[in-house]
Amino acid sequence: MTVSVEEPTTAAPLVRLTDAGKNYGNILALQGVTLEVSGGEVTCVLGDNGAGKSTLIKIIAGLHQHSEGTYEVEGQPVRFTSPREALNHGIATVYQDLAVVPLMPVWRNFFLGNEVRKGPRMDIAFMRGTTKKELLDMGIDLRDVDQPIGTLSGGERQCVAISRAVYFGAKVLILDEPTAALGVKQSGVVLKYILQARERGLGVVFITHNPHHAYPVGDRFLLLKRGRVLGYYRKNEVTRDELTGLMAGGTELEELSHELEATGGAAAAAAHVLEEEVHELGIGHGAPGAQ
Amino acid sequence: MSQTVEVKPPPARDERIARRSPVARLLTRPEVGALLGAIVIYIVFFVVAPPFREPSSLSSVLYVSSTYGIPAVAVALLMIGGEFDLSAGVAVTSSALVASMFSYQFTANMWVGVVVSLVVALAIGFINGYLVVKTGIPSFLVTLGTFFMLRGLNLALTKQITGNVGTNDVSNIQGFASAQKVFASTFNIGGVSIRITLLWWILFVIIATWVLLRTHFGNWIFAVGGSAPSSRAVGVPVNKVKIGLFMAVGFMAWFTGMHILFAFNTVQSGIGIGNEFIYIVAAVVGGCLLTGGYGSVIGAAIGAFIFGMANQGIVYAGWNPDWFYFFLGALLLGAILLNNLVRKRAEAMR
């Protein structure tokens, strides 16, 4: 398995969507998305629940096909019919559930679907050793690659999934809410791996609803809301607070604050905190993201 | 990172892992509960039933075990792959009926009937698998449907064709002798007669275990049973694996059917009903998780051996055979409980 990561030879970005959209029958799940992912760059896709983030990654990952616009990989228009096809183009997706089989050992999960064969059988010694080494490169020192992957912590599992995608020659990594279920420290670890992947020259699409996670690692930010693009910025065009404000959707936040105030008691205190945050952000409306 | 990268062997021992005794490591195997259960049951019958101690008794216990153990090999693989097959018991009978009636009616060489029967058995497996993966209906229901359909077909077609509930004797048909050698012969080792199904059973268990633990296909079996969506996402052909497993059950059902045909020369169309549960129970007693993703073929073989011991041991012990199914149920329940207990212990030890 060759895993060398090369600089893109063409000037075209690794992944480019132009005015891409997706309908499910008469439901417009996604409309007019334009997005570029280049090697050595992290593109963050931000949006609340139902914003169309999942639809977007499903299109890029080959699970669904776009119904409008174009999707190009390294300048070539594509229309993937399966995740396997996307993988063959170097686009690997690390899903929220990580696509791991909890009862199976770490090394079997690492090579699942890409087993190294030696004649009719698997080269188990090579796969064990490689798993151990690849994880060590990512900074995870596993006690035992034979332990079921379900026994690892959430952050460790995430990193196994990421290093697996990197090992198998991914040029573009799509990370679906990798920090959603993690604590502060574990999230930090995952963010570190995202930066490491960027250093290696990979294009990363980082999906999240937390601007505090997105801003430090992102180079571009795509904001989605109700299936439409709310904004597409380079890092120098936007501040974290603006991002946060956009994410939260100012007016809705204020409404929530009023509702809470009306309830009285502890809720009113929470409303007060919210208002203070809005004030601190100094953008008239907005508050921290959903977390 | 490229092909030329030398993978350094990981350090032989990680200081964070406490040394585990070989016994503790053995206890984490899925089949260990069944093994302990088998030993207990063996000792019980050895003590209470003097005839059980004869080598010839062991031989007949192993024979009975093999006739259930052969289909249980594939049923265990299927269960590890996350599916059930309730039609396996009657598919055995269907296979035997097809081979017998085809060769008899068309006055064809016995081997032609054997091959036609194989095609039919694989087709039954394929249909089961195809319906399960295409409709997404639980295999329990799909194969419950095919179970009843095959049961009806076995009886109706046999009556239609032979005018009887059983098939005609095929022992005079050309090719019968050689087929019998393959599927139903007996030979002597040290004065003990051994049925050839025992050897086939051992061979199938070895092959299936090797496939399961040492090949990529085995990796896929564990994966599709453990989490089909995850397997699909990393490119495992989930549907093909599952259909393949159903066809493997078809193959083993065919093999068992051939044994029955060549051991008895005629086939009664109503037999085989209920055996599907014994195959499933053998797999579960052997440590296969009902939900898939975990288990062992060796365990299923031990499960079949437990069934064989109970089946024959009660006779040797001189107990009233009316109680057989009660004892069987109790034994199996006990084995499953023991199995669960051991597995929980073992998991806590990790």
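None of these values were measured; they are calculated from a predicted model.

Each value, and the rule that gives it
- Residues numbered from 1 in each chain as written.
- Chains lettered and ligands numbered in written order.
- Predicted model: local features only at pLDDT ≥ 70, side-chain atom pairs only at ≥ 80, totals over all residues.
- Helix = DSSP H or I, 4+ residues; strand = E, 2+ residues; numbered from the N terminus.
- Buried ≥ 20, exposed ≤ 12 C-beta atoms within 10 Å, placed from the backbone.
- Contact = placed C-beta atoms within 7 Å.
- Pairing = 2+ DSSP bridges.
- Axes fitted to C-alpha atoms, helices over the stretch in contact; angles between N-to-C directions.
- Core = buried A, V, L, I, M, F, W, Y, C linked by C-beta atoms within 7 Å.
- pLDDT = per-residue confidence, 0-100.
- Expected span 1.5 Å × (residues − 1).
- Parallel < 35°, antiparallel > 145°, perpendicular 65-115°, else oblique.
- Left-handed = near helix turned anticlockwise from the far one by under 90°.
- Nonpolar A, V, L, I, M, F, W, Y, C, P; charged D, E, K, R; others polar.

Enquirer: It is not clear to me how the overall build of chain A should be interpreted in this structure. Could you clarify?
Expert: Scanning chain A from terminus to terminus reveals 10 helices and 12 strands. A buried classification covers 46% of the 291 residues belonging to chain A. Of the contacts formed within chain A by residues at least 6 apart in sequence, a portion of 68% connects residues at least 24 apart.

Enquirer: Would you explain the overall build of chain B in this entry?
Expert: Each helix and strand counted, chain B has 14 helices and 2 strands in total. Counting over 350 residues, chain B shows a buried share of 49%. In chain B, 78% of the contacts between residues at least 6 apart in sequence involve partners at least 24 apart.

Enquirer: Looking at this structure, I do not really get the sheet that holds strand β1 (residues 15–24) of chain A. What am I missing?
Expert: Hydrogen bonds between backbone atoms are what pair the strands of a sheet, whose relative direction is either parallel or antiparallel. Residues and elements named next belong to chain A. The antiparallel open sheet is built from 4 strands, whose spatial order is β2-β1-β4-β5. Both outer strands of the open sheet, β2 (27–37) and β5 (76–77), are each paired with one neighbouring strand and no more. One ladder, built from 7 bridges, connects β1 with β2; its direction is antiparallel. Counted as the bridge partner of R16 is E36 from β2.

Enquirer: Could you clarify how one ought to interpret the sheet that holds strand β6 (residues 91–94) of chain A in this entry?
Expert: Residue and element names in this part refer to chain A. Pairing in this open sheet of 6 strands is mixed, and the strands run β6-β9-β10-β3-β11-β12 from one edge to the other. Each end of this open sheet is capped by a strand with a single partner; those strands are β6 and β12 (228–234). Going across the sheet, the axis of each strand differs from the next one's by a mean of 15 degrees, ignoring polarity. Looking at chain direction, strand β3 (residues 41–47) and strand β10 (residues 203–208) are connected through 6 bridges and run parallel. Residue pairing in the sheet places V42 in a bridge with V204 of β10. Of the strands in this sheet, β3, β9 (172–176) and β10 touch helix α6 (residues 184–199), which is tilted by about 155 degrees from β10.

Enquirer: Explanation requested: the nonpolar core in the structure shown.
Expert: Nonpolar side chains in soluble globular proteins tend to be buried together. Ranked by size, the top nonpolar core spans 180 residues in total, and within it A:L173, B:V73, B:V75, B:A76, B:L77, B:A282 and B:A283 carry the most contacts. Broken down by element, the residue count for this core peaks at 17 residues, all from helix α11 (residues 238–264) of chain B. In contact with B:A282, not counting residues within four places along its chain, are B:Y68, B:G69, B:A72, B:A300, B:G303, B:A304 and B:F307.

Enquirer: Whenever I open this one, the environment of A:V204 confuses me. Can you help?
Expert: Residue and element names in this part refer to chain A. Relative to the assigned elements, V204 resides in strand β10. Of the residues examined, V204 has 25 C-beta atoms within 10 Å and is grouped as buried. Sequence spacing of V204 and L224 is 20 residues, and the spatial spacing of their C-alpha atoms is 17 Å. Non-local contacts of V204, meaning those with residues more than four positions away in its chain, are made with V42, T43, L173, L175, I194, A197 and R198.

Enquirer: Please explain the confidence of the model for chain A as it appears in this structure.
Expert: Low-pLDDT stretches of the model should not have their predicted coordinates read in fine detail. All names here are of chain A. Summing up the model confidence of chain A, the mean pLDDT is 80 and the portion of residues at 70 or higher is 84%. The least confident element of chain A is helix α9 (residues 250–263), whose mean pLDDT is 65; the most confident is helix α3 (residues 106–110), at 92. Below a pLDDT of 50 lies the segment residues 1–10, which in the model reaches 20 contacts outside its immediate sequence neighbourhood of four places, other chains included.

Enquirer: Explain helix α9 (residues 216–226) of chain B to me, please; I cannot follow it from the model alone.
Expert: Residues spaced three or four apart along an α-helix face the same direction, because each turn holds 3.6 residues. Burial runs high along α9(B): 10 of the 11 residues are buried. Turning to α9(B), its buried residues are B:H216, B:G218, B:N219, B:W220, B:I221, B:F222, B:A223, B:V224, B:G225 and B:G226.

Enquirer: It is not clear to me how helix α13 (residues 297–316) of chain B should be interpreted in this structure. Could you clarify?
Expert: All names here are of chain B. For α13, built from 20 residues, the straight-helix expectation of 28 Å at 1.5 Å per residue is met to within 8% by its first-to-last C-alpha distance of 28 Å. The element α13 is extensively covered by neighbouring structure, given that 18 of its 20 residues are classed as buried. Looking one or two places after α13, you find G318, whose phi comes out positive at around 75 degrees.

Enquirer: Sorry if this is basic, but what is going on with the packing of helix α5 (residues 154–167) of chain A against α6(A) here?
Expert: Packed helices, taken two at a time, are described by the angle between their axes plus the distance between the axes. Residue and element names in this part refer to chain A. One way to put it is that α5 packs onto α6 with a least axis distance of 9 Å and a crossing angle of 10 degrees. The angle between the axes of α5 and α6 places the two elements in the roughly parallel class. Here α5 contributes G154, G155, Q158, C159, I162 and V166 to the contact with α6, which in turn contributes Q186, V189, V190, Y193 and A197.

Enquirer: Before we go on, may I ask you to explain the packing of helix α4 (residues 88–105) of chain B against helix α5 (residues 110–135) of chain B in this structure?
Expert: Residues and elements named next belong to chain B. The interhelical angle for the contact between α4 and α5, taken along N-to-C directions, is 145 degrees, at an axis separation of 8 Å. At the point where α4 passes α5, the crossing takes the right-handed sense. Between α4, through A91, S94, S95, V98, A99, S100, F102 and S103, and α5, the contact on the second element is made entirely by M110, V112, G113, V114, V116, S117, V120, A121 and I124. Across the contact of α4 with α5, the residue classes tally to 11 nonpolar, 6 polar and no charged.

Enquirer: Is there a simple way to think about the environment of B:V90 in this case?
Expert: All names here are of chain B. Within the element layout of this structure, V90 appears in helix α4. Judged by the 30 C-beta atoms lying within 10 Å of it, V90 is buried. When near neighbours in sequence (up to four residues on either side) are disregarded, V90 contacts F147, L150, R151, N154, G272 and I273.

Enquirer: Looking at this model, I keep getting lost on the pairing of strand β1 (residues 186–189) of chain B. Mind explaining?
Expert: For a regular strand, the rule is simple: side chains alternate between the two faces of the sheet. Bridge analysis of β1(B) against strand β2 (residues 192–195) of chain B gives 4 bridges, and the strand direction is antiparallel. Counterpart to B:N188 in the pairing with β2(B) is B:S193.

Enquirer: Help me understand the confidence of the model for chain B, please; the structure alone is not making it clear to me.
Expert: Per-residue confidence for chain B averages 88 on the pLDDT scale, and 89% of its residues sit at or above 70. For this predicted complex, the interface score ipTM comes out at 0.81, alongside a pTM of 0.80.

Enquirer: Explanation requested: unusual backbone geometry in the structure shown.
Expert: The general pattern is negative phi for most residues beyond glycine and trans for most peptide bonds. Residue and element names in this part refer to chain A. Its identity is not glycine, yet D19 carries a phi of approximately 50 degrees, on the positive side. Here D19 lies in strand β1. Classification of D19 as partly exposed rests on a count of 13 C-beta atoms within 10 Å. The phi dihedral of R226 falls on the positive side, at around 45 degrees, and the residue is not glycine. Among the secondary structure elements, R226 is positioned in the loop between β11 (220–225) and β12. For R226, a count of 15 C-beta atoms within 10 Å translates into the label partly exposed.

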